[in-house]
Every structure is written in structure tokens, then in C-alpha cells.
Amino acid sequence: MGDAASLFGNGTSMYGPDILVRTLSKPTRADRYGHRWQYHSRSDHHSKVACWGIIFDLMRVTPLLRRHVEAGVVWFGINHEMRDFVHDRKKNLDVVLCTGTTGPSGSPQTLTSLAKDYDIELLPDEAAELAGLPVLRRAPVGAVLMALEAKACMTAHQRALPRLYDELNSSHLTVHGATDQAIAAGFAMINVAERYLSPDLNKKNLGTDPEWSTHNQPRDATLAVDKIRQLPKRSKPGDTGYDALAIVVIDCPNDGTPVKLVEAPPSPSPGDIYAYASMIDRLSHIYATRFKDL
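Just so it is clear, the model here is predicted, and its values are computed rather than measured.

1. A short note on the overall build of the chain
Thought 1: The secondary structure content of the chain amounts to eight helices and 10 strands.
Thought 2: For 294 residues, the compact-globule formula gives about 19 Å, and the C-alpha radius of gyration of the chain, at 19 Å, lands near that figure.
Thought 3: The C-alpha extent of the chain, read off along each of the three principal axes, is 60 × 40 × 40 Å.
Thought 4: Contacts in the chain between residues at least 24 apart in sequence constitute 75% of all its contacts with a sequence separation of at least 6.
Thought 5: Element-wise, carbon and sulfur atoms account for 50% of the exposed surface of the chain, whose accessible area totals about 12900 Å².

In C-alpha cells form, the structure reads like this:
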């Protein structure tokens, strides 16, 4: 098993990474030529699935969040635009947890309905846990409590690093420039596959003469992981950086074979601050202390 088998502080297994690779194993992203891909850079499907898993795990291990959801205090928003008051810049965040502005008359979308919308593959025990949680609903965003941003580095790792870093770095700056009390969480998915089928390079010739991109692994993935580790982190409001940040390494040739979760280096080891379970642990603790009087 991969990093999803790592345990939360109370012994609870994390589901998010396993859900992510299981879902990405099915080619569901269609291009204009009729090809279906597991991953497509023009789609935000991978980001939405990753953020869905984070919220699912966070709901499972954070009693205060469950109480807030059950009481109708906390909702979620998708592709929410946040504006940095300090520098007057704006950015759309993948998913936010928030207070709502309209109450139950808002969107009928729920965390459960999103699983169907995103083609998320759940095992029976995961589906049972989801059914047992309070219903988290979508609403027009009021105050942002937590903002999630997920990015991927799948190929051409070294060339992609400056943009990957800038996109992730601008997220926490925008979140905290808008509201310093909000929790900024980042997630990076790094591909360690030695060969990769790029949708951009295989628009018409996929079936007859596919063009493979080759990587020098694990060197290329290690470069990406090391770059993500350079992102600033903060331990309290008022500082600059992410409140929590996770790196998940996968093996995805993007050729229809099952995507694998990678435990070996350069994947963060269990207990590393960038391990997925460590991120959920930190997010749960921050939420429980920062929003106890919500």
C-alpha cells in the first residue's frame, strides 16, 4: 500500500491518496480527437479529486469540523476567486471551506454528489464512511476558513518547476493577503514514471505511432519534490507561507495502465512534514484551535 496507509494521530488510515490513484487509473478525460486520458494538463480533474480526498479525510478526523457542518455553519465553494487586499491580485482556488451567504437554499451540490460528478472511485468501506458523515453542502462563499490548492508535475519536470513553484507560491500569498486567519493548504502530485504519454504530443497519432516522453528517474521527480520543499511555510498567523503542505508521488505513464502510489524516495517518508497524513494532522489541529469559537 502507498502513503494512504499511513496513520493519523488517532490510528485512522488516510484514504485520499489511494482514492486519487484509483480514480486516475480510469481514462475519463476526453480530448477533441476522441482520446480518453487518465491525466490531461488542460483539465483540473486531478486537482479536484485530490482536494475532494483532503476534505473527506479532514471531515473523518476532525470532530469540530463535523459539528460545524452538521450545524450548517460551514460549507464549501469551488473555483472561488480570492483577492489579495494587500497587492490587489486575484486567484481562483480549487476548493474552499467557508461560511455561507445564503444558507440551505444555495447549491444542491454536496461532497457526496461531487464524488459522482468527478467520477471518484470509492471502495465500499470508504463509501460507507462518507454516508455516515454530516452532509457538507456547497454555498456562495462568505468568509474563507480554509483554501485548498492542488498542482501536478507529470512530465518535463525541470522545465515545469518555475511555473509549478510560482503557481503554488502565489496561492498562499493570495489567501493570506485576503484574510490572514484562513488556513492555506497545498498539495503537489509528482510523477515518477520513466515514460509518459503526453496528450499535447499525441493529439492524432496515439493509436498508430505514439510519441513517448522519457524521464531520468528518480532524478527528475526528486528535482520537483525538492523544489516543492522550498515553498515557505508558516507556524502562526502573521507569518508568510503555507499552513500545511503535502507531496504525493505517483507512477503514471498515462497509457491506461493502473496508476500507482509510490512509497519509496523521493516520496516523503511517514512522519515527514510533507507526508499526506502529516498534512491532514496539521490541518485538523489548526482548524480545531483557530475556529473553536466559530
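Structure's up, so let's keep going.
2. A few points about the packing of aromatic side chains
Thought 1: Scanning the model with the defined rule gives four aromatic pairs in all.
Thought 2: Taking 5.9 Å as the distance between ring centres and 25° as the angle between the ring planes, the aromatic pair formed by Tyr-15 and Phe-56 counts as stacked. Taken as a pair, Tyr-15 in the segment before α1 (16-24) and Phe-56 in helix α2 (residues 45-61) lie far apart in primary sequence, 41 residues in all.
Thought 3: With relative accessibility at 13%, the residue Tyr-15 sits in the buried group.
Thought 4: Here the aromatic rings of Trp-52 and Phe-56 are separated by 5.2 Å at their centres, their planes lie at 45°, and the arrangement is tilted. In this pair, Trp-52 and Phe-56 are both assigned in helix α2, four residues apart and thus about one turn of the helix distant.
Thought 5: A residue is classified by how much of its surface remains accessible, and Phe-56, at 0% relative accessible area, is buried.
Thought 6: Ring pairing ties together the aromatic residues Tyr-15, Trp-52 and Phe-56, which thus form one cluster.
Thought 7: Over the face of the ring belonging to Trp-212 we find Arg-195, whose NZ or CZ atom lies 3.7 Å from the ring centre.

3. Looking at the pairing of strand β6 (residues 183-191)
Thought 1: Counting buried positions over the nine residues of β6 gives nine, a clear majority of the element.
Thought 2: The alternating pattern of β6 places Ile-183, Ala-185, Phe-187, Met-189 and Asn-191 on one face and Ala-184, Gly-186, Ala-188 and Ile-190 on the opposite face, and all of these are buried.
Thought 3: As judged from the eight bridges shared by strand β5 (residues 141-153) and β6, these two strands associate in the parallel manner. Across the sheet, the residue bridging to Glu-149 is Gly-186, located in β6.
Thought 4: Note that β6 and strand β9 (residues 244-251) share seven bridges and pair parallel. When the sheet's bridge partners are listed, Gly-186 is paired in β9 with Leu-245.

4. As for the pairing of strand β3 (residues 75-84)
Thought 1: Relative to strand β4 (residues 89-100), β3 is paired through nine bridges, and the arrangement is antiparallel. Within β4, the position partnered with Gly-77 by the bridge is Val-96.
Thought 2: Here β3 folds back onto β4, and the loop between the two strands holds four residues, one of which, Asp-88, carries a positive phi near 55°.

5. A closer look at the sheet that holds β6
Thought 1: Taken in spatial order, the six strands make up an open sheet running β3-β4-β5-β6-β9-β10, and their pairing is mixed. Pairing within the sheet leaves two strands with one partner each, and these edge strands are β3 and β10 (260-261).
Thought 2: Of the pairings in the sheet, the one linking β9 to β10 comprises two bridges and is antiparallel in character. Residue pairing across strands places Ile-250 opposite Leu-261, the latter belonging to β10.

6. Description of the packing of α2 against helix α5 (residues 124-132)
Any two packed helices are characterised by the angle at which their axes cross and by the distance between the axes.
Thought 1: At a minimum axis distance of 10 Å, the contact between α2 and α5 shows a crossing angle of 65°. Relative to α5, α2 is oriented so that their crossing is left-handed. Here Trp-52, Phe-56 and Arg-60 of α2 lie close against α5, whose contacting residues are Glu-126, Glu-129 and Leu-130.
Thought 2: Tallied by class, the residues present in the contact of α2 with α5 amount to three nonpolar, no polar and three charged.

7. A look at the environment of Glu-126
Thought 1: Looking at the secondary structure, you find Glu-126 in helix α5.
Thought 2: Spatially, the C-alpha atoms of Glu-126 and Ala-143 are 30 Å apart, while their sequence positions differ by 17 residues.
Thought 3: Sequence-distant contacts of Glu-126, defined by excluding residues within four places in its chain, comprise Tyr-15, Ile-19, Arg-22, Phe-56 and Glu-121.

8. A short note on unusual backbone geometry
Thought 1: Between Gln-217 and Pro-218 the backbone carries a cis peptide bond, its omega angle lying at 10°.
Thought 2: Take Pro-218: it is sitting in the loop between β8 (212-214) and α7 (219-229).
Thought 3: Residue Pro-266 is reached from Pro-265 by a cis peptide bond, and omega for that bond is 15°.
Thought 4: Tracing the backbone shows Pro-266 in the loop between β10 and α8 (276-290).
Thought 5: If you check the backbone angles, Ala-156 has positive phi at about 50° while not being a glycine.
Thought 6: Owing to a relative accessible area of 24%, Ala-156 belongs among the partly exposed residues under this scheme.
Thought 7: For Asn-254, which is not glycine, the phi dihedral falls at a positive 65°.

About the criteria used
Residues numbered from 1 in each chain as written. Predicted model: local features only at pLDDT ≥ 70, side-chain atom pairs only at ≥ 80, totals over all residues. Heavy atoms only, no water. Helix = DSSP H or I, 4+ residues; strand = E, 2+ residues; numbered from the N terminus. Rg over C-alpha atoms; globule rule 2.2 N^0.38 Å. Contact = heavy atoms within 4.5 Å. Areas by Shrake-Rupley, 256 points an atom, 1.4 Å probe, with all protein chains shown as cover. Phe/Tyr/Trp six-rings, centres within 6.5 Å; stacked < 30°, edge-to-face > 60°. Buried < 20%, exposed > 50% of the residue type's maximum accessible area, 1.4 Å probe, protein only. Lys NZ or Arg CZ within 6 Å of the ring centre and 35° of its normal. Pairing = 2+ DSSP bridges. Axes fitted to C-alpha atoms, helices over the stretch in contact; angles between N-to-C directions. Left-handed = near helix turned anticlockwise from the far one by under 90°. Nonpolar A, V, L, I, M, F, W, Y, C, P; charged D, E, K, R; others polar.

Any link to function would need more than the numbers given here.
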